[in-house]
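Fold and geometry: a report
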Amino acid sequence: MSKKTLWFMLSLLTAFVFLLTACGGSNTGNTGGSSGGSTGGSSQKLAVGIVLPTKDEPRWIQDETRFREALQQAGYQVEILFSQGSSAKEKENVEALISKGIKVLIICPHDGTAAAAAAEAARAAGVKVISYDRLIRETEAVDYYVTFDSIAVGAQQAQYLVDRASGSGNPLYLYAGAASDNNAFLFFEGAWKVLQPKIADGTFVIKNSSEAVALQNKLDLTRDEMAKIIGQITTNWDFNTAKNLAEANLTAVTAADKGKVYILAPNDGTARAIADAFAADKDVTQYFVTGQDAEKASVQYIIDGRQSMTVFKDVRTLVKDAIKAAVALLENKQPEARGSYNNGKKDVPAIQSPVVTVTRENVRAALIDSGYYSASDFTNLP
């Protein structure tokens with residue numbers, strides 16, 4: 001082989017090696033996508049982090065699915081984590097998302113006050129914080145609050161009971177959500193303002209809360225006063241806690257305190273538990289029980305006459321509002337707020353979605369015709 005030919009082959013080999021090195025270098029940024037994926041390439045930094053309170057309630061699983069689908073369609077990478085009822089785990093989740101470079105945090109706090117530390121960690125990292133469904137309290141580190149009109153939820157529950165009561169002395173049983181959840185206070189506030197005038201005039205008689213009885217002539221309650229009542233009637237949003245409390249209440253009263261009863265239950269899971277307890281009591285001849293969230297199981301209860309109503313909060317709208325706010329912040333724009341909620345430290349700009357009362361009479365129009373559920377999800381649908 002001549003020197004000229006050898007030189008040509010060595011030059012060709014050098015060029016080929018250089019080309020391979022350059023091609024390999026173009027993939028060094030490919031570290032793999034986070035859960036949720038992205039339309040913008042796997043090397044794109046995580047844009048939105050979402051922390052939800054638990055996987056143990058159908059509501060939050062539905063939210064997870066809708067968030068993931070909508071943000072992927074919008075072209076943003078997202079990771080969704082669950083805190084499983086632990087404020088410590090919630091903060092760990094937020095810190096993990098911060099370390100992955102999120103720009104916007106959407107968080108539904110397990111405990112509104114305890115979540116302040118997580119929100120402040122995000123703020124310190126330059127992350128915008130959207131409090132989702134439940135308000136984070138006692139901190140400046142909340143940029144927006146995306147919520148349903150929680151006071152209206154309680155008001156609609158109470159109005160349902162008022163509209164079905166006549167005469168005087170009607171037994172009223174009160175139940176509430178978790179004392180750690182600011183929404184529980186808002187729901188109760190909305191309900192109390194509707195119920196209190198009917199308690200004061202004797203239409204209703206409270207049977208299961210001495211604290212509520214002591215305050216029955218006061219329309220506007222302070223947070224501390226509501227906390228005293230909620231401390232006696234809390235379900236902690238837990239099915240078993242609600243059922244045990246309802247059974248204990250029924251055991252503590254006489255047959256005269258039963259008959260036709262009116263029950264303020266805070267959400268659908270607790271409503272079903274409480275309804276089961278009252279239905280099993282032979283001295284209860286009829287009951288009216290409220291709920292919220294339009295969970296499938298409760299919709300079937302309503303169809304079957306085992307739960308009276310639910311307040312439908314169209315999560316599709318809430319998720320859209322949260323995503324719209326997140327995208328605006330990612331684009332350095334200001335989301336459009338409609339009102340505000342004071343969290344103890346600031347008036348947090350709020351984006352509110354409407355709520356609808358659902359009974360057996362309008363269940364098809366509200367939930368089936370709107371495309372929220374399919375008729376095949378239920379039996380004996382009216």
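That block above? That's the structure.
Structure report, in brief. Residue positions are given per chain, counting from 1 as you read along its sequence in written order. Local features in a predicted model are, by the rule used here, given only for residues with pLDDT of at least 70; side-chain atom pairs are given and counted only at 80 or more, and totals for whole chains, interfaces and linings are based on all residues. Derived side-chain values reflect all non-hydrogen atoms in the structure, with water molecules and hydrogen atoms excluded from consideration.

1. Quick word on the overall build of the protein
Strands here are runs of E lasting at least two residues and helices are runs of H or I lasting at least four, both read from the DSSP assignment and numbered beginning at the N terminus. Helices and strands together make up the secondary structure of the protein, namely 13 helices and 13 strands. Under the scheme applied here, a residue whose accessible area is under 20% of the maximum for its type counts as buried, over 50% as exposed, and between as partly exposed, the area being computed with a 1.4 Å probe on protein chains only. Across the 382 residues that make up the protein, the buried fraction comes to 51%. All accessible-area figures derive from a Shrake-Rupley calculation using a 1.4 Å probe, and residue coverage is judged against the displayed protein chains alone. Put simply, the protein shows about 16800 Å² of open surface, and 52% of that area lies on carbon and sulfur atoms.

2. Topic: unusual backbone geometry
Phi at Gln 84 is positive, roughly 50°, even though this residue is not glycine. Inspection of the secondary structure puts Gln 84 in the loop between β2 (78–82) and α3 (87–99). Here Gln 84 falls in the partly exposed class, since its relative accessible area comes to 42%. In the Ramachandran plot, Asn 236 falls in the positive-phi region, its phi being about 55° despite a non-glycine side chain. You can see Asn 236 is positioned in the loop between α8 (223–233) and α9 (239–252).

3. Remarks on the pattern of salt bridges
The term salt bridge refers to a side-chain nitrogen of Lys or Arg lying within 4 Å of a carboxyl oxygen of Asp or Glu. Under the defined criterion, the tally for this structure stands at 24 salt bridges. Linking Arg 123 and Asp 143 is a salt bridge whose minimum nitrogen-to-oxygen distance equals 3.5 Å. Linking Arg 123 in helix α4 (residues 116–124) with Asp 143 in the loop between β4 (128–132) and β5 (144–148), this pair joins segments that are 20 residues apart in sequence. Look at the salt bridges and you will find they share partners, linking Lys 258, Asp 281, Lys 282 and Asp 283 into a network.

4. Quick word on the pairing of strand β3 (residues 104–107)
In β3, alternate side chains face the same way, and those of Val 104 and Ile 106 on one face and Leu 105 and Ile 107 on the other are all buried. Relative to β3, strand β1 (residues 48–52) runs parallel, the two sharing 4 bridges. Note on β3: the bridge partner recorded for Gly 49 is Leu 105. By the convention used here, strands pair only if DSSP detects at least 2 bridges between them. Here β3 pairs with β4 via 4 bridges, running parallel. Paired with Ile 106 across the strands is Ile 130, a residue of β4. Once you follow β3 into α4 and on to β4, the crossover reads as right-handed. Throughout, right-handed denotes a crossover for which the path from the first strand over the helix to the second runs clockwise when the strands point away from the viewer.

5. Digging into the nonpolar core
Ranked by internal contacts, the top residues of the largest apolar core, which has 77 residues, are Phe 67, Ile 106, Tyr 132, Leu 174, Phe 188 and Leu 367. For our purposes a nonpolar core is just a set of buried Ala, Val, Leu, Ile, Met, Phe, Trp, Tyr and Cys residues, chained together by side-chain atoms within 4.5 Å. Counting 23 residues, the second largest nonpolar core, distinct from the first, contains Val 127, Val 142, Leu 186 and Tyr 341.

6. Comments concerning the side chain of Asp 293
Within the secondary structure layout, Asp 293 lies in the loop between β9 (284–289) and α11 (296–304). Only 3.3 Å separates the side chain of Asp 293 from the side chain of Lys 313, close enough to count as a polar contact. Residue contacts follow a heavy-atom distance rule, with two residues in contact if any of their heavy atoms lie within 4.5 Å. Leave out the neighbours within four places in its chain, and Asp 293 touches Arg 59, Asn 267, Asp 268, Thr 310, Val 311 and Lys 313. Any pair of N or O atoms that falls within 3.5 Å is considered a polar contact. Within protein, one atom must be able to donate a hydrogen and the other to accept it, and sequence-neighbouring residues count only if both atoms are side-chain atoms.

7. Some details on α8
Among the residues making up α8, those that are buried are Glu 225, Met 226, Ile 229, Ile 230 and Ile 233. Looking straight down α8, one finds its buried side chains confined to an arc of 130°; they lie on one side. What points out from α8, more than 90 degrees from its buried face, is the exposed set Asp 224, Lys 228 and Gly 231. Lining the buried residues of α8 we find β6 (170–174), α6 (182–200), α7 (210–214) and α9. Note that the arc is computed from the directions linking the helix axis to the C-beta atoms.

8. Topic: the packing of aromatic side chains
The aromatic pairing rule takes the rings of Phe, Tyr and Trp, using the six-membered ring of Trp, and pairs them if the centres are within 6.5 Å, calling planes under 30 degrees apart stacked, those over 60 edge-to-face and the rest tilted. Here the structure, examined in full by the defined rule, presents 10 aromatic pairs. The interplanar angle of 85° and the centroid separation of 5.2 Å between the aromatic rings of Tyr 145 and Tyr 341 together place this pair among those described as edge-to-face. Of the two residues, Tyr 145 sits in strand β5 while Tyr 341 sits in strand β11 (residues 340–342), which places them 196 residues apart along the sequence. By the burial criterion, Tyr 145 is buried, and Tyr 341 matches it. Taking 5.8 Å as the distance between ring centres and 25° as the angle between the ring planes, the aromatic pair formed by Phe 188 and Trp 192 counts as stacked. Placement of both Phe 188 and Trp 192 in helix α6 is noted, with a separation of 4 residues, approximately one turn of the helix. Taken as a pair, Phe 188 and Trp 192 share a single burial class, namely buried. Our definition puts a charge over a ring when NZ of Lys or CZ of Arg is within 6 Å of the ring centre and also within 35 degrees of the ring normal. Arg 164 extends its terminal NZ or CZ atom over the ring of Tyr 160, reaching a point 3.6 Å from the ring centre. Lying across the ring of Phe 185, Arg 223 places its NZ or CZ 3.9 Å from the centre.

9. Structural notes on the sheet that holds β6
Taken together, the 4 strands give an open sheet; going across it, the order is β7-β6-β8-β9, and neighbouring strands pair in parallel fashion. Looking at the sheet topology across the chains shown, the edges are occupied by β7 (204–206) and β9. Put simply, the sheet's adjacent strands are angled 35° from each other on average, direction ignored. Sheet topology places β6 next to β7; 3 bridges connect them, and they run parallel. Looking at β7, one finds that Asn 170 is bridged to Phe 204. Only the contacting stretch of a helix is used when fitting its axis, a line to C-alpha atoms as for every element, and angles between N-to-C directions run 0 to 180 degrees. Contacting β6, β7, β8 (259–264) and β9, helix α5 (residues 150–163) runs over the sheet at an angle of about 165° to β8.

The analysis is restricted to geometry; functional conclusions fall outside its scope.
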